[in-house]
Amino acid sequence: MKQDWKELDTPTLLLDKGILLKNILQMSEFAKRNNVNLRPHIKTHKSVEIAKLQLEHGALGITTAKLEEAEVMAAAGIKDILVAYPVSNPAKIERIIGLLDQGVDLKVTVDNLEQVKLLQKALEKTRHTLEVWIKVNSGLNRCGVEPGEDAVKLAQAILLLSRLRVGGIFTHAGHSYGAKGQEELERSAFAEADAVIKSAEACEKAGIPILVRSVGSTPTYQISGQVDGITEVRPGNAVFFDSIQVGLGVADKTECALTVLASVVGVYDGRVVLDTGSKTLCLDKGAHGLDSVKGFGFVVDHPELTIERLSEEHGVAVFESDCGLSLNDKVRIIPNHACTVANMFDEYVVVEGEQVVDRWKVDARGMRK
Ligand SMILES: Cc1ncc(COP(=O)(O)O)c(C=O)c1O
């Protein structure tokens, strides 16, 4: 039975299928044009259906942050997975072994000696060897060894361990989210590519071949992915885009595939209250230290509204000139951070124009381990 999204109860997560496919194609066409592999980060959508669409459209494999995300994707038959997060906890190492037992072509992040020794020790009790990718710090100052000699030292130490092999070097220029303008953004992108290439070349000089040289954040991958010597890009958010990307100038509102359908639950002097609070829209206003947006989401067709405050279940949107909204009216909101908002819902209601055409589970929502 045909259903119009305007008839849905709220809050509901709407996914525009046409825009989603365009965004997926934008990534795969970039990769094809620039002769690099594409390994999208699925922490944005957490959906088997969308991961499979990305693979059908040219992605080589996927990136996850969490082992649980990797487990969900592996159970759905996806085999080529990078866990882009340093794992050293024994309980988690057991789960790495579980994925290897299932025949997953798994790559795991390493960035310190103690961690690689723990991995080696656990793997010695199995029949497996594990491909590890060295994470280098390109300016985010989160995880990762410093590029160059520190990467070589770690690679040399891994070379001595029978159960580990170095498959690649990678980084994530998350600090690009704090860029004040295009010039600064480009600087982060070139630093991203540079950190990887410098480390890979230093390793090769020391006799350690580095086949995969991987970069990726949505604001930077189309710049760093063009640098000579880079072999792979890992955009995540670009599958949906969101108000933060619009605020950074990376995407246009018309490219945002994800919206939250909200209802007006109260109309007052100078403000309306929506049924989308922090439990739905989340509190993000930017990433890594910079607010790149105004308010807690952009209300489609109502630029006069600013979602000024959120409590758990209420979103207070203020206006100066009348917004024309009445009780029970519905609006769509482009979330500030699509990845965290998707994590709040059980399913995507997939729409084409005004019509609901499908419902897809957010399979790996809430997976923290
Ligand atoms: C290691 C790694 N790679 C890729 C990404 C994707 O970044 P974005 O969502 O900006 O595309 C992330 C995001 O956190 C990441 O941590």
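Worth saying up front: this structure is predicted, and the values here are computed from it rather than measured. For every chain, the first residue of its written sequence is number 1, and the numbers climb from 1 along that sequence. The predicted origin of the model limits local features to residues at a pLDDT of at least 70 and limits the giving and counting of side-chain atom pairs to 80 or more, whereas totals for whole chains, interfaces and linings rest on all residues. Computation of side-chain values: all heavy atoms of the structure, hydrogens and water removed.

Regarding the site of the ligand
Not every one of the 15 residues close to the ligand is listed here, only the nearest: Tyr177, Thr218, Arg234, Gly236 and Asn237. Between the ligand and Arg142 there is a distance of 3.2 Å, counted from an oxygen atom to a side-chain nitrogen or oxygen. Definition of a polar contact: a pair of N or O atoms within 3.5 Å, with one able to donate and the other able to accept a hydrogen when the atoms are protein atoms, and with sequence-neighbouring residues admitted only if both atoms are side-chain atoms. Side-chain polar atom of Tyr177 to an oxygen atom of the ligand: 2.5 Å apart, as the coordinates give it. Protein burial of the ligand: of its 390 Å² of free accessible surface, 93% is covered by the chains. Of the residues contributing to the shell around the ligand, the split by class is 4 nonpolar, 7 polar and 4 charged. It suffices for a single heavy atom of a residue to lie within 4 Å of a molecule or strand for the residue to be listed as near it. Only the protein chains shown count as cover for residues, and all accessible areas are computed by the Shrake-Rupley method using a 1.4 Å probe. Residues were grouped as follows: Ala, Val, Leu, Ile, Met, Phe, Trp, Tyr, Cys and Pro as nonpolar; Asp, Glu, Lys and Arg as charged; and all remaining residues, including Gly, as polar.

Points about the sheet that holds strand E7 (residues 130-135)
Note: strands within a sheet are paired through backbone hydrogen bonds, in either parallel or antiparallel orientation. Should DSSP find at least two bridges between two strands, the strands are taken to pair. Strands are runs of DSSP state E lasting at least two residues, helices are runs of H or I lasting at least four, and both sets are numbered from the N terminus onward. Pairing within the open sheet is parallel, and its 8 strands lie in the order E3-E10-E9-E8-E7-E6-E5-E4. The two strands at the open ends of the sheet, each matched to only one other strand, are strand E3 (37-38) and strand E4 (62-64). Pairing of strand E6 (residues 105-110) with E7, which is carried by 4 bridges, proceeds in the parallel orientation. Among the inter-strand pairings, Lys107 is bridged to a residue of E7, identified as Glu131.

Side note on the pairing of strand E18 (residues 330-334)
Relative to E18, strand E11 (residues 258-268) runs antiparallel, the two being bridged by 4 bridges. The residue bridging Ala262 from the neighbouring strand is Val331, located in E18.

Describing the pattern of salt bridges
Salt bridge criterion: a side-chain nitrogen from Lys or Arg within 4 Å of a carboxyl oxygen from Asp or Glu. Inspection of the entire model under this criterion finds 15 salt bridges. Notably, a salt bridge pairs Lys153 with Asp150, separated by 3.9 Å at the nearest N-O pair. A residue pair is termed a helical-turn pair when its members lie 3 or 4 positions apart in one helix, as Lys153 and Asp150 do in helix H6 (residues 149-159) at 3 residues. A salt bridge links Glu313 to Lys279; its shortest N-O distance comes to 2.5 Å. Taken as a pair, Glu313 in the loop between strand E16 (306-310) and strand E17 (315-318) and Lys279 in helix H10 (residues 278-281) lie far apart in primary sequence, 34 residues in all.

Quick look at the domain arrangement of the protein chain
For the purposes of this description, domain bounds are those given by an automatic or database domain assignment. Looking at the assigned domains, one finds that the protein chain contains domain 1 (3-12 + 245-361) and domain 2 (18-239). When each unit is reduced to the centre of its C-alpha atoms, the spacing between domain 1 and domain 2 is 32 Å. Buried area: the accessible surface (1.4 Å probe) lost by two parts on joining, summed over both. At the boundary of domain 1 with domain 2, total buried surface from both sides reaches about 1,700 Å², with 62% on carbon and sulfur atoms. Inspection of the domain 1/domain 2 interface yields 0 salt bridges.

What about the packing of aromatic side chains?
The geometry of two aromatic rings is summed up by the distance between their centres and the angle between their planes. Aromatic contacts are taken between Phe, Tyr and Trp rings whose centres are within 6.5 Å, Trp giving its six-membered ring; a plane angle under 30 degrees counts as stacked, one over 60 as edge-to-face, and the others as tilted. Across all of its chains, the model carries 3 aromatic pairs by this definition. Relative to Tyr221, the ring of Phe30 lies with its centre 5.3 Å away and its plane at 80 degrees, an arrangement referred to as edge-to-face. Of this pair, Phe30 sits in helix H1 (residues 17-33) while Tyr221 sits in helix H8 (residues 221-224), and the two are 191 residues apart along the sequence. Note on accessibility: Phe30 and Tyr221 belong to one class, buried. Charge-over-ring contacts are defined here by two conditions on Lys NZ or Arg CZ: a distance within 6 Å of the ring centre and an angle within 35 degrees of the ring normal. A cation over an aromatic ring shows up here: Lys6 above the ring of Trp5, its NZ or CZ 5.1 Å from the ring centre. For the cation-ring pair, Lys285 lies above Phe296, with the distance from its terminal atom to the ring centre recorded as 4.9 Å. Burial classification: accessible surface area is computed with a 1.4 Å probe over protein chains only, and a residue below 20% of its type maximum counts as buried, one above 50% as exposed, and the rest as partly exposed.

Topic: the nonpolar core
Definition of nonpolar core: a set of buried residues of the types Ala, Val, Leu, Ile, Met, Phe, Trp, Tyr and Cys, connected through side-chain atoms within 4.5 Å. By size, the foremost hydrophobic cluster in this structure holds 103 residues, and its most contacted members are Leu20, Ile81, Leu106, Leu130, Ile134, Phe240 and Tyr348. Here this core spans two domains, and each of domain 1 (3-12 + 245-361) and domain 2 (18-239) adds at least three residues to it. In this analysis, two residues are considered to be in contact whenever any of their non-hydrogen atoms come within 4.5 Å of each other. When near neighbours in sequence (up to four residues on either side) are disregarded, Leu130 contacts Ile96, Leu100, Leu106, Val108, Leu119, Leu123, Arg163, Leu164 and Arg165.

Remarks on helix H4 (residues 90-101)
One fewer than the residue count of a helix, multiplied by 1.5 Å, yields its expected span. If you check H4, its first and last C-alpha atoms are 16 Å apart, about what 12 residues at 1.5 Å a residue would give, namely 16 Å. Taken as a whole, H4 has its buried residues at Ile93, Ile96, Ile97, Leu99 and Leu100. The buried residues of H4 occupy an angular sector of 160 degrees when the element is viewed end-on, so they sit on one face. Summarising the contacts, the buried residues of H4 are in contact with helix H3 (67-75), E6, helix H5 (113-124) and E7. Its side-chain oxygen placed 2.8 Å from the backbone nitrogen of Ala91, Asn89 serves as the N-cap of H4. Directly beyond the C-terminal end of H4, a positive phi value near 85 degrees is found at Gly103. What the arc covers is the set of directions going from the helix axis to the C-beta atoms.

Some words on unusual backbone geometry
Here the residue pair Thr10 and Pro11 is connected by a cis peptide bond, since its omega of -10 degrees sits within 30 degrees of zero. Mapped onto the elements, Pro11 comes out in the loop between strand E1 (3-4) and strand E2 (12-16). For Lys46, which is not glycine, the phi torsion reads 55 degrees and is therefore positive. Inspection of the secondary structure puts Lys46 in the loop between E3 and helix H2 (48-56). Judged by its relative accessible area of 6%, Lys46 is buried. Non-glycine residue Asn141 carries a positive phi angle of around 55 degrees. Take Asn141: it is sitting in the loop between E7 and H6. Since its relative accessible area comes to 61%, Asn141 is described here as exposed.

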